[in-house]
Amino acid sequence: MAYNTIIVEVEDQIATVRLNRPDALNALNAELLSELAQAVAELEADARVRCTILTGSEKSFAAGADITEMADLNFVDVFSTDYLAADAEAIMRCRKPIIAAVSGYALGGGCELAMMCDFILASETAKFGQPEINLGVVAGLGGSQRLTRFVGKSKAMEMHLTGRFMDAEEAERSGLVSRVVPVKKLMEEAQAAARKIAEKSALATMVVKEAVNRSYETTLREGLLFERRAFHSLFATEDQTEGMTAFKEKREAQFRDK
Ligand code: CO8
């Protein structure tokens, strides 16, 4: 399917979704979020796809929600349409893994979009920030909640209150990103990680997502119980038998998602 604001490619079980509004540093407008939601739903249903990489350009992953579009909206406009949020939630509903490959600016809604993905791989040029305060507003796609959980209150509060950007090195040190790689190697590294994920049992990867995400939403006791039951439940799959048999036979497992 052709889109105006994103480019979607599928190759060897890996989908790449590239945000593509270069004139606006990939600012997120309603059309882009709607197309992204549609693409994610299609990739979720596409049996060829086992992992998705969400990326932008070298200069900008996404410089936030589109300020030009937002400037003329009023409360009723944003409230009645659940502006951007309803579509952004498609990322969170996706059960297949999504890696954010971030180079350049990931600001405001761009930082929030990256944080909705399962993990963030950053290039050395990545800059993260929640500068909504400079516009007289606050984060609206999870920045006040996710950034705080990822990097802690002090750093999150400073970033939200002052609007300062965090560079890639600080983002890695703070736990916001999984790794920092050279800018020219970002997609190669993201693809290598995606290929590794694609080799696994898709049943197990879905359960990993459920279990890790649960840790942000529940108590330790409930989370531990959820994890244990999730572990137990995978013993109902052929992939568990195959994975453990392959280990004993000293060969690569051939998972069949069954
Ligand atoms: N929206 C619209 N256009 C943008 C945006 C944006 N967020 N960011 C950049 N652009 C445009 C610029 O207007 C410019 O366009 P033009 O060439 O037509 O003038 C073009 O992109 C290039 O930008 P700059 O010339 O400014 O490039 P610089 O390299 O000088 O600066 C910056 C790059 C620092 C990224 C700068 O562009 C900037 O500060 N951008 C705004 C960043 C920002 O404030 N982001 C937060 C937006 S608010 C938000 O994300 C809220 C999300 C919550 C939504 C809630 C829904 C429920």
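The name an unreviewed UniProt entry assigns to the protein is enoyl-CoA hydratase, from the organism Boseongicola aestuarii. Looking at the Function (unreviewed entry) heading of the UniProt record, one finds this comment for the protein: "Could possibly oxidize fatty acids using specific components."

Caption draft 1: Broad picture of the environment of Leu19. Residue placement: Leu19 occurs in strand 2 (residues 14-19). By relative accessible area, which is 2% here, Leu19 ends up buried. Linking Leu19 and Leu176, residues 157 residues apart in sequence, is a C-alpha distance of 21 Å. The contact partners of Leu19, leaving out residues within four places of it in the chain, are Thr5, Ile6, Asn26, Leu28, Leu32, Leu54, Thr55, Gly56, Phe61, Ala62 and Leu113.

Caption draft 2: How the structure looks around the site of the ligand. Surrounding the ligand, one finds 23 residues, the nearest of these being Ala63, Ala65, Ile67, Tyr83 and Gly109. With respect to the ligand, the side chain of Lys59 contributes an N or O atom lying 3.3 Å from an oxygen atom. Between the ligand and Ala65 there is a distance of 2.7 Å, counted from an oxygen atom to a backbone nitrogen or oxygen. Sorting the residues of the shell around the ligand by element identifies helix 2 (67-70), strand 6 (105-107) and helix 5 (109-116) as the ones contributing at least two each. With 3 residues, helix 2 is the single largest residue contributor to the shell around the ligand. Class assignment for the residues of the shell around the ligand results in 13 nonpolar, 5 polar and 5 charged.

Caption draft 3: Representation of the pairing of strand 3 (residues 51-55). Here strand 3 lies mainly inside the structure; 5 of its 5 residues are buried. Of the two faces of strand 3, both are covered, the one formed by Cys51, Ile53 and Thr55 as well as the one formed by Thr52 and Leu54. Taking the sense of rotation as the criterion, the β-α-β connection linking strand 2, helix 1 (residues 30-45) and strand 3 turns out right-handed. The pairing of strand 3 with strand 5 (residues 98-102) spans 4 bridges and is classified as parallel. What sits directly across from Ile53, in strand 5, is Ile99.

Caption draft 4: Inspection of unusual backbone geometry at higher detail. Here Leu25, not a glycine, exhibits a phi torsion of approximately 50 degrees, which is positive. As for its position among the elements, Leu25 is in the loop between strand 2 and helix 1. Owing to a relative accessible area of 28%, Leu25 belongs among the partly exposed residues under this scheme. Here Lys250, not a glycine, exhibits a phi torsion of approximately 55 degrees, which is positive. Looking at the secondary structure, you find Lys250 in the segment after helix 12 (238-248). Assessed through its relative accessible area of 79%, Lys250 is described here as exposed.

Caption draft 5: Fine view of the sheet that holds strand 8 (residues 127-129). With mixed pairing, the 4 strands of this open sheet are ordered in space as 4-6-8-9. Two strands lie at the open edges of the sheet, namely strand 4 (60-62) and strand 9 (166-167), each paired on one side alone. Of the pairings in the sheet, the one linking strand 4 to strand 6 comprises 2 bridges and is parallel in character. What sits directly across from Ala62, in strand 6, is Ala106.

Thresholds applied
- Residues numbered from 1 in each chain as written.
- Predicted model: local features only at pLDDT ≥ 70, side-chain atom pairs only at ≥ 80, totals over all residues.
- Heavy atoms only, no water.
- UniProt positions renumbered as here; feature names shortened; annotations may be inferred.
- Helix = DSSP H or I, 4+ residues; strand = E, 2+ residues; numbered from the N terminus.
- Buried < 20%, exposed > 50% of the residue type's maximum accessible area, 1.4 Å probe, protein only.
- Contact = heavy atoms within 4.5 Å.
- Near = heavy atom within 4 Å.
- Polar contact = N/O pair within 3.5 Å; in protein donor to acceptor, adjacent residues only side chain to side chain.
- Nonpolar A, V, L, I, M, F, W, Y, C, P; charged D, E, K, R; others polar.
- Right-handed = clockwise from strand over helix to strand, strands pointing away.
- Pairing = 2+ DSSP bridges.

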